[in-house]
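This is what each chain is made of:
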Amino acid sequence: MPANLEQTREQLQRHHRDGEHFAGLMTRSFADRFGADFWEHWSDYMDEVLPAEPVVVDLGSATGLFLASIVERYPGARAVGVECAPWMLDAMEPLPEGAEVVCQDLHDPRLPLETGSADAILASVVLHEMTQPVRALQEAARVLKPGGRLFILDWVRAPLADYVASQSDEATVFGAETPLETLEDLFEHFVEHNRFSREDLAYLLRHCGFDVVESQPLKGGRFARIVASRRAA
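Residues numbered from 1 in each chain as written. Predicted model: local features only at pLDDT ≥ 70, side-chain atom pairs only at ≥ 80, totals over all residues. Heavy atoms only, no water.

Trainee: How should the pairing of strand 7 (residues 223–230) be read in this particular structure?
Mentor: The side chains of a regular strand alternate between both faces of the sheet. Counting buried residues along strand 7, seven of its eight residues qualify, which places the element largely inside the surrounding structure. Sheet topology places strand 5 (residues 144–155) next to strand 7; seven bridges connect them, and they run antiparallel. What sits directly across from Trp155, in strand 7, is Phe223. Where strand 6 (residues 210–218) folds back onto strand 7 in an antiparallel hairpin, the turn is made up of four residues, including Lys219, whose phi is positive at roughly 50 degrees. (Buried < 20%, exposed > 50% of the residue type's maximum accessible area, 1.4 Å probe, protein only. Helix = DSSP H or I, 4+ residues; strand = E, 2+ residues; numbered from the N terminus. Pairing = 2+ DSSP bridges.)

In structure tokens form, the structure reads like this:
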């Protein structure tokens, strides 16, 4: 289990293989991942708890494009990103006024926010990368106002057959000529992408101070959208 920032970076490097390529992929795919469907659901579940000038936190902010979108959509907003991967920080887009990124390990974060000062938090495809998300969820609960919301999008546990079908095909996986590296990559990512079920995440959220508002399976159950509200003390 990662005990410090350097160990977390090594874990992420193993997971992403080519960090520079992955950072570019996150930038190129942003418009698809955060398209009309995302913003429709964000508005449905988050706008009702956001003031005119909200404080929004992005856990695992990659190259910062979500932060820029927040200050564009909510003029006067403060958008705080958390990122520690060097390749993401190196590829960070120029941030507009009101947006900032702090370099911290989400396995044990200390966010530069007062207790109860944030209105909303996003955690997009980040929890599955963590050996334990408890400290991140506890810190999210600390900085959120009572009633503030956490919006999670992430891989969740699914049968191996469904995962193989989504990532490759059986002929490739079970072919005698398939390179060992291909098999190792597929099965390592299967373990990482199947770390938690939706029920696991709901359990973690309840014990970290949240009430689940919505838990929706996506992509044939391989992905999930979960919205949770910070429970009043």
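Here the narrative resumes.
Trainee: Looking at this model, I keep getting lost on the sheet that holds strand 6. Mind explaining?
Mentor: Taken in spatial order, the seven strands line up as 3-2-1-4-5-7-6 in an open sheet, and their pairing is mixed. Each edge of the open sheet carries a strand with a single partner, namely strand 3 (99–102) and strand 6. Across this sheet, the average inter-strand angle for adjacent strands is 15 degrees, counted without regard to direction. Where helix 4 (residues 36–46) meets the sheet, it contacts strand 1 (55–59), strand 4 (118–124), strand 5, strand 6 and strand 7, and its direction lies at approximately 155 degrees from that of strand 5. Packed onto the sheet, helix 11 (residues 198–207) meets strand 5, strand 6 and strand 7 and runs at close to 165 degrees relative to strand 6. (Axes fitted to C-alpha atoms, helices over the stretch in contact; angles between N-to-C directions. Contact = heavy atoms within 4.5 Å.)

Trainee: What is the right way to look at the pattern of salt bridges in this model?
Mentor: Oppositely charged side chains can form a pair if their charged atoms are brought close together. Applying the stated criterion across every chain, the model contains eight salt bridges. Note that Glu100 and Arg78 form a salt bridge whose closest N and O atoms lie 3.0 Å from each other. Residue Glu100 is located in strand 3, and its partner Arg78 is located in strand 2 (residues 78–82); the two are separated by 22 residues in the primary sequence. (Salt bridge = Lys/Arg side-chain N within 4 Å of Asp/Glu carboxyl O.)

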